[in-house]
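# Fold and contact review
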Amino acid sequence: MAEIKVLIEGYTTADSTESGEEKTCPTITLIKDGDNKIIVDPGVLDSQKILVDKLREEGLSVNDINIVFITHSHIDHYRNIGMFPEAKTLEYYGLWDKNTVQDWEEQFSDDIKIIKTPGHSLDGLTFLVKTNDGVVAVCGDVFWKKNFPENDEYAIDSEKLKESRRIVSGAADWIIPGHAGMFKVK
Ligand SMILES: [Zn+2]
């Protein structure tokens, strides 16, 4: 079984009714899957040191991370991709190793399955991770947070988003959303 841990609980004021500066940070997740040490969505942060310190608490350094998963190509989710010098990067369009790219497999490993979940963006991916507590879906902004308004005004295709939400909810016991802590699927 893989192990999964939210390192940084994301947040956003995008659904706030108050006007003013928007503040957003995605949820940043660590997956330990055999020899793979994976970071999902390294995000934007006040300081990269915050993430370096969180990794240190796990006994890891940036050099130990060998794969970075990107849920979708909005910059708040991937701006810190360069923090991990040894890591391959997996996004919708392929698995990158330095300047080479190959297709990724839907069954990425025994315990990680990758599904396409468009709607919020056209290039959305969800990572379904088998753990001892059940299947955890790391889904980016398919779900922003537990009680985010059903109508995602940033969605590029609301019908596709609805379908992606249905698929993710059906496949997972737990959801790690784009901008909040993990919650249980009803
Ligand atoms: Zn986001």
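Position numbers for residues start from 1 in each chain and track the written sequence from start to end. Only residues with pLDDT of at least 70 are given local features in this predicted model, and only at 80 or more are side-chain atom pairs given and counted; all residues enter the totals for whole chains, interfaces and linings. Computation of side-chain values covers all heavy atoms of the structure but excludes hydrogens and water.

## Description of the sheet that holds strand β13 (residues 174–176)
Our working rule: DSSP-based pairing: two strands are paired if at least 2 bridges between them are found. Every helix listed is a DSSP run of H or I at least four residues long, and every strand listed is a run of E at least two residues long, numbered separately from the N terminus.
In spatial order, the strands read β10-β11-β12-β13-β14; together these five strands make up an open sheet with mixed pairing. In this open sheet, the two strands that pair with only one neighbour each are β10 (112–116) and β14 (183–184).

## With respect to the coordination of the zinc ion
This is how it is decided: Each metal's donors comprise the N, O and S atoms found within 2.8 Å of it (within 3.2 Å for Na, K or Ca). Water is not part of the atom list, so some coordination spheres may appear incomplete. Relative accessibility decides the category of a residue: with a 1.4 Å probe and only protein chains considered, values under 20% of the type maximum give buried, values over 50% give exposed, and everything between is partly exposed.
On the protein side, the zinc ion has H77 (NE2), D141 (OD) and H179 (NE2) as donor atoms, found 2.0 to 2.1 Å from it. Along the chain, the residues that donate to the zinc ion are spaced as H-x63-D-x37-H. Placement of H77 in helix α2 (residues 75–78) and of H179 in the loop between β13 and β14 is noted, with a sequence separation of 102 residues between them. Exposure class is identical for H77 and H179. Each is buried.

## With respect to the environment of I176
Formally: We call two residues in contact when some of their heavy atoms are within 4.5 Å.
Its place among the elements puts I176 in strand β13. For I176 and V136, which are 40 residues apart along the polypeptide, the C-alpha to C-alpha distance reads 7.1 Å. Other than its neighbours up to four places away in sequence, I176 contacts I4, V6, T27, T29, V136, A137, V138, C139, G140 and M182.

Interpretation in functional terms is not warranted from these geometric data alone.
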